[in-house]
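The chain contents come next:
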Amino acid sequence: MSRNAESTAFRSALEVIRAVEPRVADAIGAELTDQRESLKLIASENYASPATLLAMGNWFSDKYAEGTVGRRFYAGCQNVDTVEALAAEHARELFGAAHAYVQPHSGIDANLVAFWAVLADRVESPALKKAQVRQVNDLTEADWFALRRELGNQRMLGMSLDAGGHLTHGFRPNISGKMFDQRSYGTDPATGLIDYDRVAEAAREFKPLILVGGYSAYPRKVNFRILREIADSVGATFMVDMAHFAGLVAGKVFTGDFDPVPHAHIVTTTTHKSLRGPRGGMVLCQPELADQVDRGCPMVLGGPLPHVMAAKAVALAEARRPDFADYAQRIVDNSQALAEGLLRRGAKLVTGGTDNHLVLIDVSGYGLTGRQAEQALLDSGIVTNRNSVPQDPNGAWYTSGIRIGTPALTTRGLGTAEMDQTAELMHTVLTATTAGANADGTPSKAKYALDPALADKIARQATDLLTPFPLYPAIDLA
Ligand code: DSN
């Protein structure tokens, strides 16, 4: 394929769009410029390949395909069957999973599918059994009442939000926190690490139906063998949400006890973070949960997105190539180099470092809230996001942390030397930023002061750092 093919494809697409609504074409072009120019350190973002992006922009988007491969509620799904089956096959092979379901539109959707599957599999209910075999019309009012009471009174144990857990693991701003009676396990206040004895103790006391492993802001490996043993000891189903680190599992950086797939009954993920695919979700599971998982649509999901499943198939095929393992290892090398660069300059890091793709800086060490730090860094061309730290005194809105990650910059080709320079830029901004005050003189958690000339200088240095590593080098829209 000529390098020109990518430019031609995207230029032509924009020309077609521009003829209808030029402002959309302009926004798409502007987004490429912004992404090219900013130092993207958001731990959950990446850059999908041109092939993955192009697989989404076509007439697969026009097709309804409720149901699953070979068992659809619509006619004419033979080509959707092809891409869905391919994506599932690549997923099973890549992760060594017994079953893969590639329809979820996002990580939240994937988790909802998993919750449904576990409830349906585990909750003993004659009414549910009737509903499963589609004798829905035979259900009495008393059956419906029993069904709602039984499904709605189950327990979930997951990692606490401020220790790095995710909203969908039973927290109130998400439906999971309203569906389940939830309790969480935190981390050891001294080390910031998961204390598996405490998890076991909480499981013994609480007896959850589902034990959830996985995180969105924990900078360390998790021992899934131990969590499975804990789940087994209390009869819980063990679910892992590997959305953040799926790329590290795919690239065999996390193996053995640290690979969730052989240990969990059910694993959920997004496809767009370290896995570097299109925006979407996926569920992997043991054979006994497969039937329930495949009911995801229409049980909890809207119609599948065949164009995105096509892109998942492309991205998963890419992740099966040997160079993806090299990419995954470089993500972690870069993350550790970034952590070391920050530590050497005096930053305070949750757990004192990292062994995955992310680093969590406790910016209270700079006298700032997460919100002040996030904005000051953004002013300086460095895109990060604020995040709670364990026992965060500033809550989930202002926070005391900045979460950074290396999947995106690693895709661009930056290496450990550039990570050290990134640490220098971040430390310079954070040191030069001061917390502001409210009109009445009380300390503000949002206002801050940073010399605009310094912010501009850092932004220029960030752009210079990126210049040798062009994003989508083969794409020229000019
Ligand atoms: N929004 C994702 C993240 O940034 O971690 C998870 O939902």
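Our subject is the structure that appears above.
These figures come from a predicted structure and were not determined experimentally.

A. Highlighting the overall build of the protein chain. Within the protein chain, the regular secondary structure consists of 20 helices and 16 strands. Against the compact-globule benchmark of 23 Å for 478 residues, the protein chain has a radius of gyration of 23 Å, which places it among compact chains. Projected onto its principal axes, the C-alpha coordinates of the protein chain cover approximately 70 × 55 × 45 Å. Of all 478 residues assigned to the protein chain, the portion counted as buried reaches 56%. Taking contacts inside the protein chain between residues at least 6 apart in sequence as the whole, the part at least 24 apart equals 73%. Once the 47 positive and 54 negative side-chain charges of the protein chain are each reduced to a mean point, those two points are 2 Å apart.

B. Structural context of the site of the ligand. The ligand sits among Ser 44, His 166, Ser 216, His 244, Lys 273 and Arg 403. Here Arg 403 contributes a side-chain N or O atom positioned 2.8 Å from an oxygen atom of the ligand. For the shell around the ligand, the per-class residue count stands at no nonpolar, four polar and two charged.

C. Structural detail: the side chain of Arg 386. Along the chain, Arg 386 turns up in strand β13 (residues 385–387). Of the residues examined, Arg 386 reaches a relative accessible area of 19% and is grouped as buried. A distance of 2.8 Å separates polar atoms of two side chains, one belonging to Arg 386 and the other to Glu 374. If sequence neighbours within four positions are ignored, Arg 386 has contacts with Gly 370, Arg 371, Glu 374, Trp 397, Tyr 398, Thr 399, Gly 401 and Ile 402.

D. How the structure looks around the packing of aromatic side chains. Enumeration over the complete set of coordinates arrives at eight aromatic pairs. Measuring from ring centre to ring centre gives 5.0 Å for Tyr 215 and Phe 245, while their planes differ by 25 degrees; the resulting arrangement is stacked. Pair noted here: Tyr 215 is in the loop between β7 (210–214) and α10 (224–233) and Phe 245 is in the loop between β8 (237–241) and α11 (246–250), with a separation of 30 residues, a long-range link. Judged on exposure class, the residue Tyr 215 and its partner Phe 245 are both buried.

E. Region of interest: a nonpolar patch on the surface. A surface patch of nonpolar side chains, about 350 Å² in accessible area, is lined by Tyr 64, Phe 73 and Tyr 74. Overall, the relative accessible area of 57% leaves Phe 73 in the exposed class.

F. Seen up close, the sheet that holds strand β14 (residues 401–405). If you walk across this open sheet you meet the three strands as β11-β14-β13, and the pairing is antiparallel. Strand pairing shows two members of the sheet lacking a second neighbour, β11 (358–362) and β13, which therefore form its edges. Each neighbouring strand pair of the sheet contributes to a mean axis angle of 35 degrees, computed without reference to strand direction. Pairing of β13 with β14, which is carried by three bridges, proceeds in the antiparallel orientation. By the bridge assignment for β14, Asn 387 is matched with Gly 401. Together, β13 and β14 form the strand contacts of helix α16 (residues 370–379), whose direction differs from that of β14 by roughly 45 degrees.

G. Summary view of the sheet that holds strand β6 (residues 180–185). Spatially, the seven strands line up as an open sheet ordered β4-β10-β9-β8-β7-β5-β6, and their pairing is mixed. Single-partner strands in this sheet number two, and they are β4 (99–101) and β6. Each strand of the sheet is rotated relative to its neighbour by a mean of 20 degrees, with strand direction disregarded. Relative to β6, strand β5 (residues 154–159) runs parallel, the two being bridged by six bridges.

H. Quick peek at the nonpolar core. Counting 64 residues, the largest nonpolar core has Phe 95, Leu 211, Leu 227, Met 242, Phe 245, Leu 275 and Leu 284 as its most contacted members. Here this core takes seven residues from helix α4 (residues 78–95), the largest share from any one element. Excluding anything up to four places from it in sequence, Phe 245 contacts Gly 214, Tyr 215, Phe 224, Val 240, Phe 254, Pro 260, Ser 274 and His 357. Counting 35 residues, the second largest nonpolar core, distinct from the first, contains Ala 423, Val 429, Leu 450 and Ala 462.

I. Molecular detail of the state of the cysteines. Per the stated rule, a full pass over the model turns up zero disulfides. Its sulfur unpaired, Cys 285 is 16 Å from the next cysteine sulfur, which belongs to Cys 297. The exposure class of Cys 285 is buried, given its relative accessible area of 5%.

J. Inspection of the environment of Leu 94 at higher detail. Positionally, Leu 94 belongs in helix α4. Taking the C-alpha atoms as reference points, Leu 94 and Asn 438, 344 residues apart in sequence, are found 53 Å from one another. Look past the residues within four positions of Leu 94 in its chain and what remains in contact with it is Ala 250, Lys 252, Leu 275, Leu 316, Ala 319 and Arg 320.

Here is what the cut-offs are and how they apply
- Residues numbered from 1 in each chain as written.
- Predicted model: local features only at pLDDT ≥ 70, side-chain atom pairs only at ≥ 80, totals over all residues.
- Heavy atoms only, no water.
- Helix = DSSP H or I, 4+ residues; strand = E, 2+ residues; numbered from the N terminus.
- Rg over C-alpha atoms; globule rule 2.2 N^0.38 Å.
- Buried < 20%, exposed > 50% of the residue type's maximum accessible area, 1.4 Å probe, protein only.
- Contact = heavy atoms within 4.5 Å.
- Lys, Arg positive; Asp, Glu negative; His and termini not counted.
- Charge placed at Lys NZ, Arg CZ, Asp CG, Glu CD.
- Near = heavy atom within 4 Å.
- Polar contact = N/O pair within 3.5 Å; in protein donor to acceptor, adjacent residues only side chain to side chain.
- Nonpolar A, V, L, I, M, F, W, Y, C, P; charged D, E, K, R; others polar.
- Phe/Tyr/Trp six-rings, centres within 6.5 Å; stacked < 30°, edge-to-face > 60°.
- Patch = residues over 30% accessible without salt bridge, like charges linked within 9 Å, V, L, I, M, F, W, Y side chains within 5 Å.
- Areas by Shrake-Rupley, 256 points an atom, 1.4 Å probe, with all protein chains shown as cover.
- Salt bridge = Lys/Arg side-chain N within 4 Å of Asp/Glu carboxyl O.
- Pairing = 2+ DSSP bridges.
- Axes fitted to C-alpha atoms, helices over the stretch in contact; angles between N-to-C directions.
- Core = buried A, V, L, I, M, F, W, Y, C linked by side-chain atoms within 4.5 Å.
- Disulfide = S-S within 2.5 Å.

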